[in-house]
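Below are the chains, spelled out letter by letter.
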Amino acid sequence: MSDGLFVPAALEIVANYNAPVFPAEPRGKRPIGRLVPHWKDDATLDEDKVRSWGREEPDANVAVVTGVRFDVLDIDGVEGMSAINAALPWPDDEPWDDTPTGIDGPTVCTGAGWHVYVAPTGIGNRAGWLPHCDWRGANGYVIGAGSVHSNGKYYDYFPNWGPEREIHPAPAWVLELLEKPASTIIPNGQAGGRPNRAGKYAQRALEGEVGRVVMAQEGQRNDQLNQSAHALGQLVAAKALDLGIVIQTLEDAGMRTGLTFDEVRATIRSGLRAGLSNPRKLPR
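A.B. asks: How do you make sense of the sheet that holds strand 8 (residues 140-143) when you look at a structure like this?
C.D. replies: Reading across from one edge, 1-2-8 is the order of the three strands in this open sheet, with antiparallel pairing throughout. Edge strands, defined here as strands with exactly one partner in the open sheet, are strand 1 (21-24) and strand 8. Taking each pair of neighbouring strands and ignoring which way they run, the sheet shows an average axis angle of 40 degrees. Taken together, the four bridges between strand 2 (residues 61-66) and strand 8 define a ladder with antiparallel strand orientation. Within strand 8, the residue paired with A63 across the bridge is I143. Together, strand 1 and strand 2 form the strand contacts of helix 1 (residues 6-17), whose direction differs from that of strand 2 by roughly 25 degrees.

A.B. asks: What should I look at first to understand helix 3 (residues 47-56) in this one?
C.D. replies: The α-helix advances 3.6 residues per turn, and as a result positions three or four apart in sequence lie on the same side. Those residues of helix 3 that fall on the buried side of the exposure criterion are V50, W53 and G54. For helix 3, the buried positions fall inside an angular range of 105 degrees around the axis, keeping them on one side. The exposed residues of helix 3 that point more than 90 degrees off its buried face are D48 and R55. In the core, the buried residues of helix 3 are packed alongside helix 1, strand 1 and helix 2 (39-42). Capping the start of helix 3 is the job of one residue whose side-chain oxygen sits 3.2 Å from the backbone nitrogen of D48: D46.

A.B. asks: Explain the nonpolar core here, please?
C.D. replies: One broad trend across soluble globular proteins is that nonpolar side chains are buried collectively. Judged by nonpolar contacts, the single largest core of 33 residues is most densely connected at F6, Y17, V21, F22, V62, V64 and F70. If we skip the residues at most four places from it in the chain, F6 touches F22, P23, V50, W53, G54, E57, P58, A60, N61 and V62.

A.B. asks: Quick question: what am I supposed to make of the layout of surface pockets here?
C.D. replies: In this approach, a probe sized like a water molecule rolls over the atoms, and the result shows the empty space that is left. Computed from the structure, the largest pocket encloses a volume of approximately 520 Å³. Looking at the largest pocket, it is lined by 19 residues, and the ones nearest its centre are C109, T110, K153, Q248 and D252. When contributions to the lining of the largest pocket are tallied by element, the ones reaching two or more residues are helix 4 (77-87), strand 5 (113-118), strand 9 (156-157) and helix 8 (243-256).

Quick notes on the rules
Residues numbered from 1 in each chain as written. Predicted model: local features only at pLDDT ≥ 70, side-chain atom pairs only at ≥ 80, totals over all residues. Heavy atoms only, no water. Pairing = 2+ DSSP bridges. Helix = DSSP H or I, 4+ residues; strand = E, 2+ residues; numbered from the N terminus. Axes fitted to C-alpha atoms, helices over the stretch in contact; angles between N-to-C directions. Contact = heavy atoms within 4.5 Å. Buried < 20%, exposed > 50% of the residue type's maximum accessible area, 1.4 Å probe, protein only. Arc of directions from axis to C-beta. Polar contact = N/O pair within 3.5 Å; in protein donor to acceptor, adjacent residues only side chain to side chain. Core = buried A, V, L, I, M, F, W, Y, C linked by side-chain atoms within 4.5 Å. 1 Å grid on protein atoms, 1.4 Å probe; cavity = no way out; pocket = protein on both sides within 12 Å on 5 of 7 lines; lining within 4 Å. Points joined across faces, edges and corners; volume = space filled by probe spheres on them.

Written as structure tokens, this is what we have:
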């Protein structure tokens, strides 16, 4: 008899992180009240209890208590990634490193963004600490890998950024921002909240390059993705586009063409690095 979704996912998280788990609604985030009426007290590391819950709700999502073994930076889609990149102190000579989000730690791809695990800070939950970014810390929880989002996508680790990655303390700039009220960050290419001419030009360029990638013929798709990443990298270097939006948008476009994720990411990285070294001159 199959264990369903919940049991193997929950036991894997317990084994990897020694973090307490409990069942949440299938394809949802709310605790299953009839099984865990007091989720903070009911969460467990016990295998027998996990299997008992699995018999009751085999396809429950796995909720993981935060603030015990790790805190979580919850980034919601390209808007959240844009806010991270606007706040992130990228060195001038290294505008993009190998981390999926710019922050080192195990990273889970959710159905609509990313969860980055960092060492516990003792800080509680902070909703909207950056635009489209939440913090899950003391007395909080997140939905863990192996669960299913409401849109049908699985929560899964970013390739090479799973439990094998060491959990590091949160960067100093993250801690500083967490101590402040929710920030308002104006995206690149805007002034006073209104798009300027350069911003409009960059947005049209982004849309045009995505169209070229999606419409590329078989045998030309990888080359077109590289060319588009190079062109958009020039606009990132000119501070007209956000790096996170460019990466996510190109990844989505590349995957739609049938290329593998590894091909897409390697090609985007190559094109971006070339483009980032050659900023484009923009209309004023």
